[in-house]
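Chain residues, written in single-letter form:
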Amino acid sequence: MIPYSRQSISQEDIDEVVRVLQSSHLTQGKEVELFEEAICQYIGAKYAVTFNSATSALLGAYAVSDIKEDDEIITTPISFVATSNMFVALGAKPLWCDVKLDGNIDERFIERLITPKTKAIVPVDFAGKPVEIKKINEIAKKHNLLVIQDSSHAFGSSIDGQKIGTFADMTIFSFHAIKPLTTGEGGCVVTDNEEFAKRLRLFRSHGMIKKQLYNSDMVMLGHNFRLTEFAAALGHSQLKRLDNFLHVRDKIAKYYDERFKGHKLFSTIKLEANTTSSRHLYPIILSPALQCPKEDIFKELQERGLGVQVHYKPIYQNSYYKEKFGEISLHPKGTTHVSDDFYRSEISIPCHQEMSMEDTTFVADTFLEVIEKYAYRGCSF
Ligand SMILES: *Cc1c(COP(=O)(O)O)cnc(C)c1O
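Residues numbered from 1 in each chain as written. Predicted model: local features only at pLDDT ≥ 70, side-chain atom pairs only at ≥ 80, totals over all residues. Heavy atoms only, no water.

### Things to note about the pattern of salt bridges
Evaluation of the coordinates by the stated rule reveals 22 salt bridges. Two residues, Lys129 and Glu272, come together in a salt bridge whose shortest N-O distance is 3.6 Å. With Lys129 in the loop between β5 (118–122) and α6 (133–143) and Glu272 in the loop between β13 (266–268) and β14 (275–276), this pair connects stretches of sequence that are 143 residues apart. Residue class for Glu272 comes out partly exposed when judged on its relative accessible area of 38%. When the shortest N-O distance is used, the salt bridge between Glu300 and Lys373 registers 2.8 Å. With Glu300 in helix α10 (residues 294–303) and Lys373 in helix α13 (residues 357–374), this pair connects stretches of sequence that are 73 residues apart. On the basis of relative accessible area, Lys373 is assigned to the partly exposed category, the value being 39%. Through salt bridges with shared partners, a single ionic network connects Asp250, Lys254, Asp257 and Arg279. (Salt bridge = Lys/Arg side-chain N within 4 Å of Asp/Glu carboxyl O. Helix = DSSP H or I, 4+ residues; strand = E, 2+ residues; numbered from the N terminus. Buried < 20%, exposed > 50% of the residue type's maximum accessible area, 1.4 Å probe, protein only.)

Below, the structure written as structure tokens:
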């Protein structure tokens, strides 16, 4: 089975991890700092604070923004649940704004959802394609809101040559095994705001500061969300090859774009000319005629060796959210009902740096064969 995404580990990565495992510090040494410096340099941002996952990084970013009980956050339902979960954990309420046909938040609706309780806008760069961050920033500035960008998919993506991570108040990246760069589990917050960076470091490590000798002081409530030294060494080593990974992903995506151009039964997501994408996912959007046999298509693709996946079930469709907030879905002022349809029509096909051109051709051929087999079968549209 060719998975939809997977890690790529070199001998150099392994050597780096082993080197740190044999050193004096497995945690709280120099490796995390070096990795954070390298991230800043790569992104072009002032501060990077690593965490043991993007989920804890999101919690940190929300907490240091002072997001709390009864605040409202405008966000996208087409994301991994953690994007909403972590501010709900602080007592805040999600207002889900609809997405566009590319899976990114529809910035045209954001302003309508703003109330006196709104604290932040949390967009997600779906599949690695940058959101319209400049427009979102303008809205936020006008209403004095924070922009916290969940760019878990988009490490290395850019707009006009400027890396994602330099636009929002805080940007979160994930280093989970299947994300563009990995530390096994891990994540980080990138920001140009010194105060946020300082508080994030406290939040990550018990809220404690060293004073003198054995005297330390706990100045805020914190957690232990630290990355280990060997995970940081892995990430640092991976970062050296990231541009290579992105190049391979882009080549695969461009090959698919060409093979699938103008197909009547599905479409693909187009990038703006001034942007680049990490190509974390290669999403296919099935036409309505194929939405009802999607389960059959999914099953057959898997049987034939394609590790396809669906991204994502809208967050509000999960039982927890239905029970907590009632049968709410998209905010009534922020919808053209694209999100539900997006879930019905999306399917992600394999696209990652461990695939050969032979694998890529096999995926494209198999996908086209299966789609054409199911065309117009058993649907009542
Ligand atoms: C993967 C992911 C997360 C969570 O990342 P972890 O590192 O697994 O905690 C959050 N948001 C989005 C959009 C993701 O894709």
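### Side note on the layout of surface pockets
Each pocket or cavity is described by its volume, and for the largest pocket that value is around 600 Å³. Taken together, 17 residues make up the lining of the largest pocket; nearest its centre are Gln28, Arg201, Arg204, Ser205 and Arg226. Mapped by element, the contributors of at least two residues to the lining of the largest pocket are α2 (31–43), α7 (194–204) and β11 (208–212). No other element matches the four residues that α7 contributes to the lining of the largest pocket. Of the residues belonging to the lining of the largest pocket, the class tally is five nonpolar, five polar and seven charged. In this structure, the second largest pocket occupies an estimated 370 Å³ of space. The wall of the second largest pocket is formed by 24 residues, among which Phe80, Ser174, His176, Lys179 and Tyr312 lie closest to the centre. Of all the elements in the fold, those that place two or more residues in the lining of the second largest pocket are α3 (54–64) and α4 (82–88). For the lining of the second largest pocket, the leading source of residues is α3, giving three residues. (1 Å grid on protein atoms, 1.4 Å probe; cavity = no way out; pocket = protein on both sides within 12 Å on 5 of 7 lines; lining within 4 Å. Points joined across faces, edges and corners; volume = space filled by probe spheres on them. Nonpolar A, V, L, I, M, F, W, Y, C, P; charged D, E, K, R; others polar.)

### Some words on the environment of Arg199
The residue Arg199 is located in helix α7 in this model. For the pair Arg199 and Val64, spaced 135 residues apart in sequence, the C-alpha to C-alpha distance is 6.2 Å. The contacts of Arg199, once residues within four sequence positions are left out, are Ala63, Val64 and Met220. Among the polar contacts listed, one links the side chain of Arg199 to the backbone oxygen of Val64, at a separation of 3.1 Å. (Contact = heavy atoms within 4.5 Å. Polar contact = N/O pair within 3.5 Å; in protein donor to acceptor, adjacent residues only side chain to side chain.)

### Thoughts on empty space enclosed by the protein
Overall, the coordinates contain one cavity of 30 Å³ or more when judged by the stated rule. Put simply, the largest cavity is a space of about 90 Å³. Taken together, Ala127, Lys129, Thr268, Ile269, Leu271, Ser277, Arg279, Leu281, Tyr282 and Pro283 make up the lining of the largest cavity. Of the residues that constitute the lining of the largest cavity, the class distribution is six nonpolar, two polar and two charged.

### Some thoughts on the sheet that holds strand β17 (residues 346–349)
Taken together, the three strands give an open sheet; going across it, the order is β13-β15-β17, and neighbouring strands pair in antiparallel fashion. The sheet is open, and its two borders are formed by β13 and β17, each paired with just one other strand. Taken pair by pair, the neighbouring strands of this sheet meet at an average axis angle of 35°, ignoring direction. Running over the sheet, helix α12 (residues 338–345) touches β15 (282–286) and β17 and is turned about 45° from β17. (Pairing = 2+ DSSP bridges. Axes fitted to C-alpha atoms, helices over the stretch in contact; angles between N-to-C directions.)

### Concerning the side chain of Thr76
Tracing the chain through its elements places Thr76 in the loop between β3 (72–75) and α4. Judged by relative accessible area, Thr76 falls into the buried class, the value being 1%. Looking at Thr76, its side chain comes within polar contact range of the main-chain nitrogen of Ile78, at 3.0 Å. Ignoring sequence-local partners within four residues, the contact set of Thr76 consists of Trp96, Cys97, Val99, Ile105, Val122, Val124 and Ile315.

### Looking at a nonpolar patch on the surface
Residues Ile9, Ile14 and Val18 make up a contiguous nonpolar surface patch of roughly 220 Å² in combined accessible area. The topology assignment puts Ile14 in helix α1 (residues 11–21). Of the residues examined, Ile14 reaches a relative accessible area of 38% and is grouped as partly exposed. (Patch = residues over 30% accessible without salt bridge, like charges linked within 9 Å, V, L, I, M, F, W, Y side chains within 5 Å. Areas by Shrake-Rupley, 256 points an atom, 1.4 Å probe, with all protein chains shown as cover.)

### Structural notes on the domain arrangement of the chain
How big an interface is tends to be stated in terms of accessible area lost as the parts join. Here the domain parsing of the chain yields domain 1 (2–239) and domain 2 (242–373). Spacing between the C-alpha centres of domain 1 and domain 2 amounts to 24 Å. Area buried by domain 1 at its contact with domain 2 is led by Ile2, Tyr4 and Trp96, which between them contribute 20% of it. Connecting domain 1 to domain 2 are one salt bridge. Secondary-structure elements contributing two or more residues to the side of domain 1 that touches domain 2 are β1 (2–3), α4, β4 (93–96), α5 (110–113), β7 (158–159) and α8 (229–260). With four residues, β4 is the single largest residue contributor to the side of domain 1 that touches domain 2. For the side of domain 1 that touches domain 2, the class distribution of residues is 27 nonpolar, 14 polar and nine charged. (Domains from an automatic or database assignment. Buried area = accessible area lost by both parts, 1.4 Å probe.)

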